[in-house]
Amino acid sequence: MIDETRTAPEVRSVHEPELSAPQADGAVPPEAPEAQAPAALLAPPAPAVPPALATPGRRRRLRTVLRWTAATVVFAALGTGVAYGITEQERTDVPGLATEDDGRWVYPKLAKPVLPAGAVDPFDRTNEGQVHYADLSALLLPLPAGARPDKQLKGGRVPAGRFLAEFPGHQREDLEQDLTDGGLRHVVARGWTMADSTSTRIYLLRFHSVAFADAFFSAHLGGEPEAVAALNGVDQVAPVDESYPSTTAGVPSTDRHVYGESEPGAVHVRHAYITAGDTVALIVQSRKGTSAAVPFHQTVVLQNQLLG
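Cut-offs applied
Residues numbered from 1 in each chain as written. Predicted model: local features only at pLDDT ≥ 70, side-chain atom pairs only at ≥ 80, totals over all residues. Heavy atoms only, no water. Helix = DSSP H or I, 4+ residues; strand = E, 2+ residues; numbered from the N terminus. Buried < 20%, exposed > 50% of the residue type's maximum accessible area, 1.4 Å probe, protein only. Contact = heavy atoms within 4.5 Å. Areas by Shrake-Rupley, 256 points an atom, 1.4 Å probe, with all protein chains shown as cover. Salt bridge = Lys/Arg side-chain N within 4 Å of Asp/Glu carboxyl O. Pairing = 2+ DSSP bridges. Lys, Arg positive; Asp, Glu negative; His and termini not counted. Polar contact = N/O pair within 3.5 Å; in protein donor to acceptor, adjacent residues only side chain to side chain. Core = buried A, V, L, I, M, F, W, Y, C linked by side-chain atoms within 4.5 Å. Axes fitted to C-alpha atoms, helices over the stretch in contact; angles between N-to-C directions. Phe/Tyr/Trp six-rings, centres within 6.5 Å; stacked < 30°, edge-to-face > 60°. Expected span 1.5 Å × (residues − 1). Arc of directions from axis to C-beta.

The next point concerns the overall build of the chain. A tally of helices and strands in the chain yields seven helices and 10 strands. Burial status across the chain gives 53% buried among its 308 residues. Of the contacts formed within the chain by residues at least 6 apart in sequence, a portion of 69% connects residues at least 24 apart. Split by element, the accessible area of the chain, about 13,700 Å² in all, is 53% carbon and sulfur.

Structure, rendered in structure tokens:
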């Protein structure tokens, strides 16, 4: 298990301001937080199913969402047993994982952003729309040490078309139409490349409520043993990544759906979706030859913690 002295965070009060975490060279700080009103003003009860995606005959059936959450992540890597330990947090620091000689990356100290005055957490029982009131850019995983930032994905808002560009052209029209009709508010993204040429891109899509987010995810992205929409560079529909640890719950009310190519081509593509209230995340990691599982799983775990 991880040495507790290397990962235990300092305890902070729920709304205590957090000093900026150290960033790798070249990292771009997040955009300034959006001005947001208290939850009571911005989160009216969400409809059970968004009308735009519920029209009979227009959308395919909504698929059952797999419920995968994890508190303690344990898996084998490089032939030996390796453990990731992340415990459920309040609105305090989320520790970066200790770096062992197993391919894990070094992330800066992570912390959930302070909420606007009067706002509540997305999964508070009074937040019926499960809205994230924190600045969405502040919920993106920061660059790990040694990363070269993507000049187009700097951690701020991007057009929806940049997210759609991750999918083949013939799939984009339906995706774009349902983003337009289905309550998308905006998209933020961060990308980087490591020294071994592994490329990572993370997109966070914020919808008007959990109902819209769930409807879009279920109609297009996953919820079955195989991913519904294939990504660019994936010759066949990607199956569930069986090597991904799916042990006990640790991020309540969020779900992870992790996929890996069974027969990669010249470029090995791994991807995952996280559904967390009004927000859907897409994480893509790719590399010529083989894309290592350990840093990919680490990235998914930490991004999930920030969204919970």
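Applying the stated criterion to the full structure yields five salt bridges. Of the charged contacts, one joins Arg162 and Glu166 as a salt bridge, the two residues approaching to 3.7 Å between their closest N and O atoms. Residue classification places Arg162 among the partly exposed positions, given a relative accessible area of 21%. In this structure, Arg270 and Asp241 form a salt bridge, with 3.6 Å as the shortest nitrogen-oxygen distance. Taken together, the residues Arg270 in strand S9 (residues 267–276) and Asp241 in the loop between helix H6 (210–221) and strand S8 (254–260) connect sequence positions 29 residues apart. Each member of the pair, Arg270 as well as Asp241, is classed as buried. Taken together, the salt bridges that share partners define one network made up of Arg162, Glu166 and Arg201.

Among the seven residues that make up S8, seven are buried, leaving the element largely enclosed by the rest of the structure. Of the two faces of S8, the one lined by Thr254, Arg256, Val258 and Gly260 and the one lined by Asp255, His257 and Tyr259 are each fully buried. Where S8 and S9 come together, seven bridges link them in antiparallel fashion. Of the residues in S9, the one forming a bridge with His257 is Tyr273. Hairpin geometry of S8 and S9 is characterised by an intervening segment of six residues between the two adjacent antiparallel strands.

As a further point, take the side chain of Arg256. Note on placement: Arg256 falls in strand S8. Despite its burial, Arg256 remains without a salt bridge, the nearest opposite charge being carried by Asp255 at 8.2 Å. Among the polar contacts listed, one links the side chain of Arg256 to the side chain of Asn304, at a separation of 3.0 Å.

What follows deals with the nonpolar core. Ranked by internal contacts, the top residues of the largest apolar core, which has 32 residues, are Leu141, Trp192, Ile202, Leu204, Val300 and Leu307. The set of elements that each furnish at least two residues to this core consists of strand S6 (184–193), strand S7 (199–207), S9, strand S10 (279–288) and helix H7 (293–307). Looking at this core element by element, the count peaks at six residues for H7. With near-sequence residues (within four places) excluded, Leu307 lies in contact with Phe123, His132, Leu139, Leu204, Ile274, Ala276, Thr279 and Ala281. Counting residues in each nonpolar core, the second largest holds 28 residues, with Leu164, Val234, Val280 and Leu282 among its members.

Now for the pairing of S7. Where burial is concerned, most of S7 is hidden: nine out of the nine residues are buried. Because side chains alternate across S7, one face comprises the buried residues Ser199, Arg201, Tyr203, Leu205 and Phe207, and the other comprises Thr200, Ile202, Leu204 and Arg206, equally buried. Of the pairings in the sheet, the one linking S6 to S7 comprises nine bridges and is antiparallel in character. When the sheet's bridge partners are listed, Trp192 is paired in S7 with Thr200. From the end of S6 to the start of S7, which pair antiparallel, there are five residues, and Ser197 there has a positive phi angle of about 80°.

Here we take up the sheet that holds S9. Taken together, six strands build an open sheet; the order of strands is S5-S6-S7-S10-S9-S8 and the sheet is antiparallel. The two strands at the open ends of the sheet, each matched to only one other strand, are strand S5 (148–158) and S8. Going across the sheet, the axis of each strand differs from the next one's by a mean of 10°, ignoring polarity.

For the structure shown, the criterion picks out seven aromatic pairs. Among the aromatic residues, those joined into a ring-pair cluster are Trp105, Tyr107 and Trp192.

On to helix H5 (residues 169–181), then. Helix length check: H5, at 13 residues, gives a terminal C-alpha distance of 19 Å against a target of 18 Å (1.5 Å per residue), a fit within 8%. Looking at H5, one finds that the buried residues are Gln171, Leu175, Asp178 and Leu179. Here the buried residues of H5 occupy an arc of 105° about the axis, which is enough to place them on one side. Those residues of H5 that are exposed and angled more than 90 degrees off the buried face are His170, Glu173 and Thr180. Positive backbone phi, approximately 85°, marks Gly183, located one or two places after H5.

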